Amino acid sequence: YLPLNPLLPRPKGAKGAEGMKKQIPSNNGGCWKSRVYALGDGEPSDRSLCVDPVAESRLPRCLHEITVAEVIRSVEKCLGNSKAR
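In this text the structure is predicted, and so the values were computed from the model without any measurement.

1. A closer look at the overall build of the protein
Alright, step 1. Scanning the protein from N- to C-terminus turns up 2 helices and 2 strands.
Alright, step 2. Helices (α) and strands (β) of the protein occur, in sequence order from the N terminus, as β-β-α-α.
Alright, step 3. The buried share among the 85 residues of the protein stands at 24%.
Alright, step 4. Pairs at least 24 apart in sequence give 22% of the contacts found in the protein among residues at least 6 apart.

2. Section: helix H2 (residues 68–78)
Alright, step 1. Listed as buried for H2 are Glu70, Ser74 and Glu76. Burial along H2 is one-sided: seen end-on, the buried residues are contained in an arc of 165 degrees.
Alright, step 2. Of the residues trailing H2, glycine 80 is marked for its positive phi of about 80 degrees.

3. Remarks on unusual backbone geometry
Alright, step 1. Of note in the backbone geometry, arginine 58 takes a positive phi value of approximately 60 degrees without being a glycine.
Alright, step 2. Checked against the element boundaries, arginine 58 lands in the loop between strand E1 (53–54) and strand E2 (59–60).
Alright, step 3. Note on arginine 58: relative accessible area 53%, which makes it exposed.

4. Let's talk about the environment of valine 51
Alright, step 1. Relative to the elements of secondary structure, valine 51 occurs in the segment before E1.
Alright, step 2. Look at valine 51 and you get exposed, because its relative accessible area is 63%.

5. Observations regarding a nonpolar patch on the surface
Alright, step 1. Judged by side-chain polarity, Val71, Val75 and Leu79 come together as a nonpolar surface patch covering roughly 230 Å² of accessible area.
Alright, step 2. For valine 71, the position within the fold is in helix H2.

6. A look at the confidence of the model for the protein
Alright, step 1. In this model, the protein carries an average pLDDT of 74, and 59% of its residues clear a pLDDT of 70 or more.
Alright, step 2. Ranking the elements of the protein by mean pLDDT puts helix H1 (residues 61–64) last, at 88, and E1 first, at 92.
Alright, step 3. Overall, residues 1–5 carries pLDDT values under 50, and its contacts beyond four positions in sequence, including any with other chains, amount to 15 contacts.
Alright, step 4. Low pLDDT, under 50, characterises residues 17–22; the stretch is placed with 20 contacts to residues that sit more than four places away or in other chains.

7. Side note on the pattern of salt bridges
Alright, step 1. Scanning all chains against the criterion turns up 4 salt bridges.
Alright, step 2. Put simply, aspartate 46 and arginine 35 hold a salt bridge, and the shortest N to O gap is 2.7 Å. Taken as a pair, aspartate 46 in the segment before E1 and arginine 35 in the segment before E1 lie far apart in primary sequence, 11 residues in all.
Alright, step 3. Here aspartate 46 falls in the buried class, since its relative accessible area comes to 17%.
Alright, step 4. Residues arginine 61 and glutamate 65 are paired through a salt bridge, measuring 3.5 Å at the closest nitrogen-oxygen approach.
Alright, step 5. For arginine 61, a relative accessible area of 33% corresponds to the partly exposed category.

Cut-offs and rules
Each chain carries its own residue numbering, running from 1 in the direction its sequence is written. The predicted origin of the model limits local features to residues at a pLDDT of at least 70 and limits the giving and counting of side-chain atom pairs to 80 or more, whereas totals for whole chains, interfaces and linings rest on all residues. In computing side-chain properties, one takes all heavy atoms of the structure into account and sets aside hydrogens as well as water. Under the DSSP-based scheme used, a helix requires at least four consecutive residues in state H or I and a strand at least two consecutive residues in state E, with every element numbered from the N terminus. Exposure categories follow from relative accessible area, calculated using a 1.4 Å probe and restricted to protein chains: below 20% of the type maximum is buried, above 50% is exposed, and the middle band is partly exposed. Residues count as neighbours in contact if any of their non-hydrogen atoms are within 4.5 Å of one another. The arc in question is the one spanned by the directions pointing from the helix axis to the C-beta atoms. For patch building, the residue pool is restricted to those with more than 30% relative accessible area and no salt bridge; the joining distance is 9 Å between like charges and 5 Å between nonpolar side chains (Val, Leu, Ile, Met, Phe, Trp, Tyr). Surface exposure here means Shrake-Rupley accessible area, sampled with a 1.4 Å probe, where a residue is shielded only by the protein chains that are shown. The term salt bridge refers to a side-chain nitrogen of Lys or Arg lying within 4 Å of a carboxyl oxygen of Asp or Glu. In predicted models, pLDDT denotes the confidence assigned by the predictor to each residue on a 0 to 100 scale.

So this is what it looks like as structure tokens:
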């Protein structure tokens, strides 16, 4: 369980990565593509590519939109509101 996993359902009105589910293009909670970019290694995964990659980060948009602050908040929540170091 990842608290800020954009593929999981979120409370109504959630913001940031918690509210990204509504922005993911697939009705089943995510696109479930194998890779962001083709590696040219002959694997079938090269035919299952992200439809919305972000060139500057080479990440799928659904991950690119998650901020460092959101990750830190999520880790702190998992640690019982202790400050992550």
